[in-house]
Amino acid sequence: PSASELRPTHPLALAPVAAPPASVDGFVRRFLQNLNFDQGVALSTSDDNDRYLALAGTVRDYLMARWLDDQAQQSRQQSKTVCYLSAEYLLGRQLDNNLLAARLTEIATEALAQCGIDIDDLRALEIEPGLGNGGLGRLAACFIDSLATMSIPTIGYGIRYEYGIFRQAFADGQQVEQPDAWLRLGSPWDFPHPEAAQTISFGGRTETYDDDGVERTRWVPEWNVLAVPYNMMVPGYHNGRVNTLRLWRAVATNAFDLHTFNSGDYVASVRAQTFAENISKVLYPEDSTPQGKELRLQQQYFFVAASIADFVEHVLPDGFDLTKLPERVIFQLNDTHPVIGVPELMRVLVDEKGMEWDAAWAITQKCFAYTCHTLLPEALEVWSVDLLGRLLPRHLEIIYRINDAFLLEVRERFGDDEMLIRDMSIIGEHPFRSVRMAYLATVAGSKVNGVAELHSQLLRDNVLKDFARMWPEKFTNVTNGVTPRRFLRLANPELSTLITETLGAGWTVDLERLRGLEAYADDPEFRERFAAVKAANKRRLSRVLAARDGTTIDDGHLLDVMIKRLHEYKRQTLKVLHIVSAYDEIVSGRVPVEKVQPRTFLFGAKAAPGYAMAKHIIHLINAVGEVVNADPRVEGRLKVLYPSNYNVTLAESIIPAADLSEQISLAGKEASGTGNMKLALNGALTIGTDDGANVEIRQLVGDDNFFLFGMSEPEVEALWAEGYRPADFYHEDERLRRAIDLIAAGAFSGGDRSVFEPLISNLLYDDRFMALADFGSYLDAQERVDAAYADQDAWVRSAILNVARSGFFSSDRAMRDYLDRIWHATPVH
Ligand code: C3B
């Protein structure tokens, strides 16, 4: 018989796979087996990395049966699947999350102890997969966690970057970037599937041909690359479910460039092929400021085309009636990065499946939905027509045709208003001919959502207002959320224990239950325990910082944290001006040092490598920190910490320890924020503007438990309209003037006035994000913070209420909103 006619007859080959027994013995046995057979070492000669890999493999083995089972079930049931298309997944470490999901933490700890291994030593080895920049990538990771926990059939699709977000180091206070070789020591959490590879094409031209009397178009590409899927497990929390995250890696095809090959240059021909592997080499480190680079468009098309082909060819059964596609899938576009998927699905349906344009368009419009994550005009992606046409000629034609039909619709609806046509066209003309990806997504998507109430409102009123007028029902809001498993249960075990002892265990999957804590906010014993947890978390963070940087947090300090990407709109500069002002007040003798509430200011932030102003700000923070931390006049009162390489792992130590959460963006600029949610959920009070999800946090936790300051979005608009002159604020506010003068005079640069000159003149003469206008209000709010912190009982009460009222910000709730408002998929148990 041929191999394909062979059928398994052995009973073991017919039985479903079984997980190892969920016991310490079972775990030990499998762990040693993996150490011996996978790592090829004996326990006695193994090093920590071998042990970590064997441990990860063991956890994986426990999840494997469920994973295979869920995949089989999904393919049997063919129920509607959420395909989350995202160029970024900022996953964070896997080991603890997967142990927790599979209820293996205690068993594994004990099993390793019996092998003479401290599991903490192995935990520390894991290099987190940093396949994202910041909020958007971390949001995707929270969403897939929630979807698995809610038993929603989901495939997360993305790119397996060989190098994730760069490692940040500081040299003389300035950021230097180092490559993030996260795969170097092995990748125990994913499985390559070369048998399911897709060939992805680029370049070339299009041609028309006669197909039985019908004229059709086809793409004749110039070069190909293989997309090899790597599957990662996405376990639900305590529900036995394991979904899949499928990340694509670019691999050279075997097809030689015949021209070079025939000319006898074998080596050149192989080199030309392997060049294509660059596509998945590195994550672009620009957070919300796309650079329009060709490689980035290659990345986007690469992963989206592979994902659509994967779904159509491998997930759907043979012979599936594609007119029913919208009943089987929703492709959620995580920002504009995957929007090239729209013309790709059209190309597949029309060119490859022979469907009529109108039928294909009707299907496509139902299969996509678009989430917008920004309001900054410079963050809305556009691709030059030149570039797009060169790389994806057929897609450009399709985009033109979509646009033609769309503009006809606009004319029918609003008349021949040429100005409006120009404004709404998917093709922009200035400063160069380009495709506006956000518009394409809006035209094609069944729904368009913003990520917080205010943001969605501003999308409707400003950024996409003409589209909202045309299709009001298309626009909706889903306020972001964060997973309580990683950001409370895992990151803050002591608070989790306190909550579970107080309310029972259900809160991890039903976060609104935290409301039950309100009743304890006035209970002295509960308050005391809550405060003790916060203090313990600060000491734990202090130990983490001591081990990595040799810095510490002193007891009794208010821990004031600002952790997020470095960006002018987020206004780290405003924070620095506050620190410099507080320092100046003491050293100039205007405020007696003993009256000052001791504070540690903690920053965590990476800057895009090419973003000069952001790098000046990093330098300034470090320079101020160096002076403040060394000045005996403020010792014990003010301290500035800026640990390098802020990432998910570090966030998990910082967030539970924080007292004050800095959310100080200029109103109307931060789409949502998610760090703000994580910090409130862990009992930090927010000092913030009425921006993004801060608005909803304040509404929920109450004005008494939130320090609001600064202009509202309409006030910002009004000040712009009136003509903003930052120097006026400098002249009018003495505290501001003194702080700026101190920096300008070189107090933090060894007397060198030139070092921060660009930053200072930017503030005084440009200040796009109006830091100076909000400075006075910010300092007043900080005084309210100090006063509030002095009454510890009241502060702890507010902190408890922040936790109790943050249940809304669970990503489980966000997923329910997406399911109800956009996806209409249901759980499959
Ligand atoms: C971010 C936004 O800046 C945040 O306000 C928002 O909370 C998150 O997305 C998640 O919605 N964002 C990002 O990280 N990268 C972009 N390119 C655009 C927005």
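- Within an unreviewed UniProt entry, the label attached to the protein chain reads Alpha-1,4 glucan phosphorylase, and the organism entered is Microbacterium mcarthurae.
- We quote the UniProt Sequence similarities (unreviewed entry) comment for the protein chain here in full: "Belongs to the glycogen phosphorylase family."
- Its UniProt record, at the heading Cofactor (unreviewed entry), says of the protein chain: "pyridoxal 5'-phosphate".

## Considering the overall build of the protein chain
Then comes step 1: Per the secondary structure count, the protein chain includes 34 helices and 25 strands.
Then comes step 2: Principal axes of the C-alpha set define a box for the protein chain whose edges measure 90 × 75 × 60 Å.
Then comes step 3: When the 829 residues of the protein chain are sorted by exposure, 49% land in the buried category.

## Topic: the site of the ligand
Then comes step 1: Taken together, 19 residues surround the ligand, and among them Gly135, Leu136, His373, Ala671 and Ser672 come closest.
Then comes step 2: Split into classes, the residues belonging to the shell around the ligand amount to 5 nonpolar, 11 polar and 3 charged.
Then comes step 3: In this structure, the shell around the ligand is formed jointly by two domains, domain 2 (78-93 + 128-477) and domain 3 (484-816), each of which donates at least three residues.

## Section: the domain arrangement of the protein chain
Then comes step 1: Its domain assignment divides the protein chain into domain 1 (1-77 + 94-127), domain 2 (78-93 + 128-477) and domain 3 (484-816).
Then comes step 2: Relative to domain 2, the C-alpha centre of domain 1 lies at a distance of 33 Å.
Then comes step 3: In this assembly, 20 residues from domain 1 lie in contact with 20 residues from domain 2.
Then comes step 4: Residue assignment for the side of domain 1 that touches domain 2 shows that the elements contributing at least two residues are α3 (48-77) and α4 (95-101).
Then comes step 5: Considering every element that reaches the side of domain 1 that touches domain 2, the biggest residue donor is α3, with 11 residues.
Then comes step 6: For the side of domain 1 that touches domain 2, the per-class residue count stands at 8 nonpolar, 6 polar and 6 charged.

## Topic: the nonpolar core
Then comes step 1: In this structure, Cys83, Phe302, Leu440 and Val624 are the most contacted members of the largest nonpolar core, which totals 235 residues.
Then comes step 2: Looking at this core element by element, the count peaks at 10 residues for helix α10 (residues 294-315).
Then comes step 3: Those residues in contact with Phe302 that sit more than four places away from it in its chain are Ile200, Val225, Ala227, Trp248, Ala250 and Ile279.

## Points about the sheet that holds strand β23 (residues 660-663)
Then comes step 1: If you walk across this open sheet you meet the 6 strands as β22-β21-β20-β23-β24-β25, and the pairing is parallel. One side of each edge strand has no neighbouring strand; the edge strands of this open sheet are β22 (638-641) and β25 (706-708). Adjacent strand axes in the sheet meet at a mean angle of 20°, parallel and antiparallel pairs treated alike.
Then comes step 2: The pairing of strand β20 (residues 558-563) with β23 spans 2 bridges and is classified as parallel. Looking across to β23, one finds that Val561 is bridged to Ser661.
Then comes step 3: Running at roughly 145° to β22, helix α24 (residues 612-630) makes contact with β21 (599-604) and β22 of the sheet.

## Considerations on helix α7 (residues 135-149)
Then comes step 1: When the terminal C-alpha atoms of α7 are compared, their 21 Å separation across 15 residues agrees well with the 21 Å that a helix rising 1.5 Å per residue should span.
Then comes step 2: Counting buried positions along α7 yields 15 of 15 residues, so the element is predominantly enclosed.
Then comes step 3: Just past α7, the residue Ser151 takes up positive phi, approximately 60°.

## Here's the deal with unusual backbone geometry
Then comes step 1: The peptide bond linking His430 to Pro431 adopts the cis configuration, its omega dihedral lying at 0°.
Then comes step 2: Mapping Pro431 onto the fold places it in the loop between β16 (427-428) and β17 (434-436).
Then comes step 3: A positive phi angle, close to 50°, is found at Asp767, a residue other than glycine.
Then comes step 4: Among the structural elements, Asp767 can be located in the loop between α31 (757-765) and α32 (771-790).
Then comes step 5: Although it is not a glycine, Met770 sits at a positive phi angle of roughly 55°.
Then comes step 6: Within the fold, Met770 resides in the loop between α31 and α32.

## Quick look at the pairing of strand β14 (residues 368-371)
Then comes step 1: Alternating positions in β14 separate into two faces, Phe368 and Tyr370 on one and Ala369 and Thr371 on the other, with burial throughout.
Then comes step 2: Here strand β13 (residues 329-334) runs beside β14; their pairing, made up of 4 bridges, is parallel. Bridge pairing links Gln332 to Ala369 in β14.
Then comes step 3: Both β14 and strand β18 (residues 448-450) contribute to a ladder of 2 bridges, which runs parallel.

## Structural notes on the sheet that holds β16
Then comes step 1: The antiparallel open sheet is built from 3 strands, whose spatial order is β15-β17-β16. Across the chains shown, the open sheet's two edge strands, defined by having one partner strand only, are β15 (382-384) and β16.

## Focus on the environment of Ala612
Then comes step 1: Counting through the fold element by element, Ala612 comes out in helix α24.
Then comes step 2: Here the alpha-carbon distance between Ala612 and Pro758, two residues 146 residues apart in the chain, equals 10.0 Å.

## Some details on helix α21 (residues 493-503)
An α-helix turns once per 3.6 residues; consequently, residues spaced three or four apart project the same way.
Then comes step 1: All of the buried residues along α21 are Leu495, Ser496 and Ile499. Burial along α21 is one-sided: seen end-on, the buried residues are contained in an arc of 100°.
Then comes step 2: Packed against the buried residues of α21 are α20 (484-490) and α22 (524-549).
Then comes step 3: Phi turns positive one or two residues past the end of α21, at Gly504, with a value near 90°.

## Section: the packing of α22 against helix α33 (residues 792-804)
Then comes step 1: Following both chains from N to C, one finds α22 and α33 inclined at 80°, their axes separated by 10 Å at the closest point. Judged by the inter-axis angle, α22 sits roughly perpendicular to α33. In contact with Arg527, Phe530 and Ala531 of α22, α33 contributes Asp793, Val796, Arg797, Ala799 and Ile800.
Then comes step 2: Here the contact of α22 with α33 is built from residues that sort into 5 nonpolar, no polar and 3 charged.

## Details of the pairing of strand β12 (residues 242-251)
Then comes step 1: For β12, a buried count of 9 out of 10 residues is recorded, marking the element as mostly surrounded by other parts of the structure.
Then comes step 2: Inspection of the sheet shows strand β4 (residues 154-159) paired to β12 by 5 bridges, in the parallel sense. Bridge pairing in β12 links Gly156 to Leu245.
Then comes step 3: Both strand β11 (residues 223-235) and β12 contribute to a ladder of 10 bridges, which runs antiparallel. Note that in β12 the partner of Pro235 across the bridge is Val242.
Then comes step 4: What sits between the antiparallel neighbours β11 and β12 is a turn of 6 residues, in which His238 has the positive phi angle 55°.

Conventions we followed
- Residues numbered from 1 in each chain as written.
- Predicted model: local features only at pLDDT ≥ 70, side-chain atom pairs only at ≥ 80, totals over all residues.
- UniProt positions renumbered as here; feature names shortened; annotations may be inferred.
- Helix = DSSP H or I, 4+ residues; strand = E, 2+ residues; numbered from the N terminus.
- Buried ≥ 20, exposed ≤ 12 C-beta atoms within 10 Å, placed from the backbone.
- Near = placed C-beta within 6 Å.
- Nonpolar A, V, L, I, M, F, W, Y, C, P; charged D, E, K, R; others polar.
- Domains from an automatic or database assignment.
- Contact = placed C-beta atoms within 7 Å.
- Core = buried A, V, L, I, M, F, W, Y, C linked by C-beta atoms within 7 Å.
- Pairing = 2+ DSSP bridges.
- Axes fitted to C-alpha atoms, helices over the stretch in contact; angles between N-to-C directions.
- Expected span 1.5 Å × (residues − 1).
- Arc of directions from axis to C-beta.
- Parallel < 35°, antiparallel > 145°, perpendicular 65-115°, else oblique.

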